[in-house]
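# Chains, contacts and geometry: an overview
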Amino acid sequence: MCEPSLSYDMSAQASSGETTELTAKQRRILQYLCEHADVRTYFKSRLIGEELDLSAKEVGTNMPALQRGGFGLHIEKWGYSSGTTWKVTV
């Protein structure tokens, strides 16, 4: 289940329980992925950006925080032809 939370654990093994807040852009991207991951698996940075009024670079720069997050999504960089593609699974 996808959980768009406001913060994420810095490390799955972090003993201190330290968390970092997601930025507004990261929350918007996470919400978009949560809403669409049930029906789609592959997402291009450019197309996410078009939907959220962000550049492809802004999407790509913010994805690593979501990859580390443990929000109920598994996100991996998948392809680079004609822009970065992300494989997102629930």
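Look up a bit, the structure's there.
Residues numbered from 1 in each chain as written. Predicted model: local features only at pLDDT ≥ 70, side-chain atom pairs only at ≥ 80, totals over all residues. Heavy atoms only, no water.

### Some points on the overall build of the chain
The number of helices and strands found in the chain is 3 helices and 5 strands. Element order for the chain, N to C, with α for helix and β for strand: β-β-α-β-α-α-β-β. Looking at the 90 residues of the chain, the share that counts as buried comes to 32%. By sequence separation, contacts in the chain at least 24 residues apart represent 54% of the contacts at least 6 residues apart. (Helix = DSSP H or I, 4+ residues; strand = E, 2+ residues; numbered from the N terminus. Buried < 20%, exposed > 50% of the residue type's maximum accessible area, 1.4 Å probe, protein only. Contact = heavy atoms within 4.5 Å.)

### Structural notes on the side chain of Thr85
Note on placement: Thr85 falls in strand S5 (residues 85-89). Residue Thr85 is classed as buried on the basis of its relative accessible area of 11%. Contact partners of Thr85, with chain neighbours within four places excluded, come to Tyr42, Phe43, Lys44, Glu76, Lys77, Trp78 and Gly79.

### Examining the nonpolar core
The nonpolar side chains of soluble globular proteins are, as a tendency, buried together. Core analysis: the biggest nonpolar cluster contains 20 residues, and Ile29, Leu33, Met63, Leu66, Leu73, Ile75 and Val88 have the highest contact counts within it. Of all elements in the fold, only helix H1 (24-36), helix H2 (45-52), helix H3 (56-67) and S5 reach the threshold of two or more residues within this core. Counting residues per element, this core draws most heavily on H1, at 5 residues. (Core = buried A, V, L, I, M, F, W, Y, C linked by side-chain atoms within 4.5 Å.)

### Some details on the pattern of salt bridges
Per the counting criterion, the structure on display carries 2 salt bridges. Across the pair Lys25 and Glu58 runs a salt bridge whose closest N-O atoms are separated by 2.6 Å. Placement of the pair is Lys25 in helix H1 and Glu58 in helix H3, with a sequence separation of 33 residues. Take Lys25: its relative accessible area is 32%, and that puts it in the partly exposed class. Overall, the relative accessible area of 26% leaves Glu58 in the partly exposed class. The salt bridge partner of Arg46 is Glu50, with a shortest N-O separation of 3.6 Å. Taken together, the residues Arg46 and Glu50, both in helix H2 and 4 residues apart, mark about one turn of the helix. The class for Glu50 is exposed, based on a relative accessible area of 56%. (Salt bridge = Lys/Arg side-chain N within 4 Å of Asp/Glu carboxyl O.)

### Focus: H1
Three or four residues apart is the spacing at which side chains of an α-helix point the same way, because the helix has 3.6 residues per turn. Look at H1: 19 Å from first C-alpha to last across 13 residues, which is about the 18 Å you get at 1.5 Å a residue. By the burial criterion, the buried members of H1 are Gln26, Ile29, Leu30, Tyr32, Leu33 and Cys34. (Expected span 1.5 Å × (residues − 1).)

### A word on the side chain of Gln26
One can find Gln26 in helix H1. Ignoring any residue separated from it by four or fewer positions in sequence, one finds Gln26 in contact with Glu21, Asn62, Ala65 and Leu66.

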